Amino acid sequence: MIFNQLVWKMAKGNRGKYLFYYLCNSFAVLFFFMYSTIYFNEAIEEVKVVEGIRDILTIPGVGLVLFTVFFITYAHRIFTRRRKKEFGLLMTLGMSKRDIARLLLLENALIATASIVTGIVSGMVFSRLIFLLFIKVTGLGDIPFNLSLEMFIYSIGAYLGIFLISVLITLYLTLTKTVSQTMKSDRVADAIKHRSPAFGLLGVIMVIGSAVLLYSTFSNPSMAGDASAYLLMSTLGILMGLYVALSQGMSFFMKLARKHKPYYYSELLPLSSLEYKFKQLTAIMLLVTIMSMVTIFYSTTILIINSMGEQQVMDDNPNDLTFIETETKNNISSEELYSIVDKAENPLIEHESVKLFAYYESDPYWEEAYYEYVFIGLSDFNRIAGREENLNSKEYIYLINDIPKYALPDSTYEHGLSFNGAGRKLEYTLKETIIDQIINRTRIVPTSILVISDEEFVEINNALTGDKMKVHILNFQDWKASEIVINELKNRLEQYNNTTPPYQSDRLSYSEEEEEYFLQPTSKVINYNYIKNSSRIMFFVTTFISILFFFGSFILLYLNIFSNTEEEKAKYKKLFKIGITKREIKKLVSKEMSVLFFFAPLLGCSLAFVYIISFAQDVGGILENPQFLVHFARFSGVYLLIQTGYYFYSRKKMIRELEN
């Protein structure tokens, strides 16, 4: 028998294993390619409303790669683990390790080639459908679907890199063992690992303690300064605790069960079987827990961001539209401005303009550092803030132009002001600090603004050298319907600015792109559309990755459970001989599979809930934001409902396999 004939006969004899392994690899290539058609589409990057889409799509792409690394590696390990006795037999019959390596390389090369072909072909078919769905869901307009060389290179390259690492690991593990070790590999793999109830309890304590730390990080103001460090610590603690708990938690539960003899002896068989399977499936259970947690948490978060987008825009933008006017930039006449923005279908209901003066004072100790002071006259402040404040000539109000609940304390401007200009000294004392966002913040309109009397505002403009500007504030009858006129205004301002000299600041320097950016109008509707489209994109991509994670986790569980059907049949035949009935066997199988299919997703849902209620503390807590619970219940319910369908399908198939 020649070598190629041997390969063919082995493939025919193990066609079920080969087919499933081949489908797993095709599945990986398919999803790589489908994702790349979105990530590398050139037209998407040119759509202005989704500026920054590459950043939005990068994180899910990294998640896809990390998942596929584990998915292919684990599928490959299960595929080869049950064939080690074949390799041992072949070596016993005289085949050298070099021949075994050649055999492994040849069959894996054939599987990889077939997987790439079918994965790419099926990807070209389904990616068109996914892309059209992506465009429809995100509302990005008429964007053409196209294929590029980058898509093929990324998909094939990423898959081959992961696949080759898996094959090399298998070659190393196979060729470094003796014939006797290879022949006994299945018995060695079935050995029960070390039991440690104490470590199981420690893992549970680590998970609970880390979850409490996570919640405390966002609910305790004293921990806010080190929130990032505490978040990292709690997340690492949860992950490490999960691994220990999943590996040794059943041993701890078994120890507790032994203290209740009636329950322990009535459930001895399923408890012992589950203890073994949890130890063997620790990595799978950990991965499924993390994937379900990430899927539910991110999907819920994206829905929350989308639902809170309008309120966020209202908070961040007190004015419907603002733009900066300088001596040479954005300096169009009032008649032209009104002809653009004041339309009958959506009339302009308010137009205010306020003067600002920015003064920059060099730091005496650092050459490149400086202090920035932005002044506004009292009458302008009272008019746009709806106040009736009074100041004498030597007083000022420190205005923190921010939302009160998010404003950070700043003592920079609270100890008086002193300037030297025009041969005399200008000194002012603080009257009060006001926290109120009255103007849309931009690079020119900062958070810190100093309010002085109108007379002193004129004096400072004459005595100091700085940047003089005017801020136009416009409000419409319906800000959501103002996008067209704002885009028209933006285009008109760009046309005007192209005919004038570059903007010259007293202190700051801007590139052409930066100048264009800070001179653009800022508005509620543009920010609202950006948040809405970004959340739609994130929701779609998160859903895409979630579907991948869900099916991938199911396939991994399915593959692991059904790869041991021969051993399971032998075990249940022995149990049948000692008096266990078929009904009891079915009940035992149902108990085991229900725990394996639902324990990790339920644990993942619980951890996702901890993260959601923790992050909700930043916006008033879960009780003030019941929509958090609604979105969480919706996603976790759908996730568990689909998992239930897979459970019933797998249980029915397993019982049918055992009865044959």
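Structure shown above.
Residues numbered from 1 in each chain as written. Predicted model: local features only at pLDDT ≥ 70, side-chain atom pairs only at ≥ 80, totals over all residues. Heavy atoms only, no water.

Student: Can you explain the overall build of the protein? Please cite residues and give values.
Tutor: On a plain count of helices and strands, the protein comes out with 24 helices and nine strands. Of all 660 residues assigned to the protein, the portion counted as buried reaches 48%. A total accessible area of about 33200 Å² is found for the protein, and carbon and sulfur atoms account for 60% of it. (Helix = DSSP H or I, 4+ residues; strand = E, 2+ residues; numbered from the N terminus. Buried < 20%, exposed > 50% of the residue type's maximum accessible area, 1.4 Å probe, protein only. Areas by Shrake-Rupley, 256 points an atom, 1.4 Å probe, with all protein chains shown as cover.)

Student: Now, about the sheet that holds strand S1 (residues 321-325): what can you tell me, with residues and values included?
Tutor: Taken together, the nine strands give an open sheet; going across it, the order is S5-S6-S4-S7-S3-S2-S8-S1-S9, and neighbouring strands pair in mixed fashion. Of all the strands in the sheet, the pair left with one neighbour each is strand S5 (417-421) and strand S9 (522-523). In this structure, strand S4 (residues 395-400) lies alongside strand S7 (residues 448-452), joined through four bridges in antiparallel fashion. Considered in S7, the bridge of Tyr 398 is made with Leu 450. Together, S1, strand S2 (348-362) and strand S8 (466-476) form the strand contacts of helix H16 (residues 334-341), whose direction differs from that of S2 by roughly 125°. Running at roughly 130° to strand S6 (residues 424-435), helix H18 (residues 454-463) makes contact with S2, strand S3 (370-377), S5, S6, S7 and S8 of the sheet. (Pairing = 2+ DSSP bridges. Contact = heavy atoms within 4.5 Å. Axes fitted to C-alpha atoms, helices over the stretch in contact; angles between N-to-C directions.)

Student: Outline the nonpolar core, supporting the account with residue identities and numerical values.
Tutor: Generally speaking, soluble globular proteins have nonpolar side chains that are buried together. Core analysis: the biggest nonpolar cluster contains 102 residues, and Tyr 159, Val 589 and Phe 597 have the highest contact counts within it. Residues Ile 434, Ile 438, Ile 439 and Ile 449 belong to the second largest nonpolar core, which totals 27 residues. (Core = buried A, V, L, I, M, F, W, Y, C linked by side-chain atoms within 4.5 Å.)

Student: Kindly report on the environment of Val 354, identifying the contributing residues and their values.
Tutor: In this fold, Val 354 is placed in strand S2. Judged by relative accessible area, Val 354 falls into the buried class, the value being 0%. Taking the C-alpha atoms as reference points, Val 354 and Phe 381, 27 residues apart in sequence, are found 8.0 Å from one another. With sequence-adjacent residues up to four places away left out, Val 354 is seen in contact with Ile 376, Asp 380, Arg 383, Ile 384, Ile 439, Met 469, Lys 470 and Val 471.

Student: For unusual backbone geometry, give the residues involved together with the corresponding values.
Tutor: Residue Asn 330 is not a glycine yet carries a positive backbone phi of 55°. Topologically, Asn 330 is positioned in the loop between S1 and H16. For Asn 330, a relative accessible area of 1% translates into the label buried.

Student: Account for the packing of aromatic side chains, with residues named and values stated.
Tutor: What describes a pair of aromatic rings is the distance from one ring centre to the other and the angle between the planes of the rings. Evaluation of the coordinates by the stated rule reveals 18 aromatic pairs. Centroid distance Phe 32 to Tyr 154: 5.9 Å. Interplanar angle 90°. Geometry classified as edge-to-face. Within this pair, whereas Phe 32 is found in helix H2 (residues 15-39), its partner Tyr 154 is found in helix H7 (residues 149-175), the two being separated by 122 residues in sequence. You can call Phe 32 buried: its relative accessible area is 0%. Classification of Tyr 154 by relative accessible area gives partly exposed; the value is 22%. Members of the aromatic cluster, connected to one another through ring pairs, are Tyr 359, Tyr 373, Phe 375, Tyr 398, Tyr 413 and Phe 419. The aromatic ring of Tyr 428 is capped on one face by Lys 394, whose charged end is 5.9 Å from the ring centroid. (Phe/Tyr/Trp six-rings, centres within 6.5 Å; stacked < 30°, edge-to-face > 60°. Lys NZ or Arg CZ within 6 Å of the ring centre and 35° of its normal.)

Student: Outline helix H17 (residues 378-385), listing residues and values.
Tutor: A large share of H17 lies buried, amounting to six of its eight residues. For H17, the complete set of buried residues consists of Leu 378, Asp 380, Phe 381, Asn 382, Ile 384 and Ala 385. Gly 386 lies just past H17 and shows a positive phi near 70°.

Student: Give me the pattern of salt bridges: which residues, what numbers.
Tutor: Under the criterion given, the structure shown has seven salt bridges. Among the ionic pairs, Arg 383 bridges to Asp 380, the shortest N-O distance being 2.9 Å. Here Asp 380 and Arg 383 lie together in helix H17, a separation of three residues that amounts to about one turn. Arg 387 is the partner of Glu 389 in a salt bridge, and the nearest nitrogen-oxygen pair spans 3.4 Å. Residues participating in the shared-partner salt-bridge network are Glu 352, Asp 380 and Arg 383. (Salt bridge = Lys/Arg side-chain N within 4 Å of Asp/Glu carboxyl O.)

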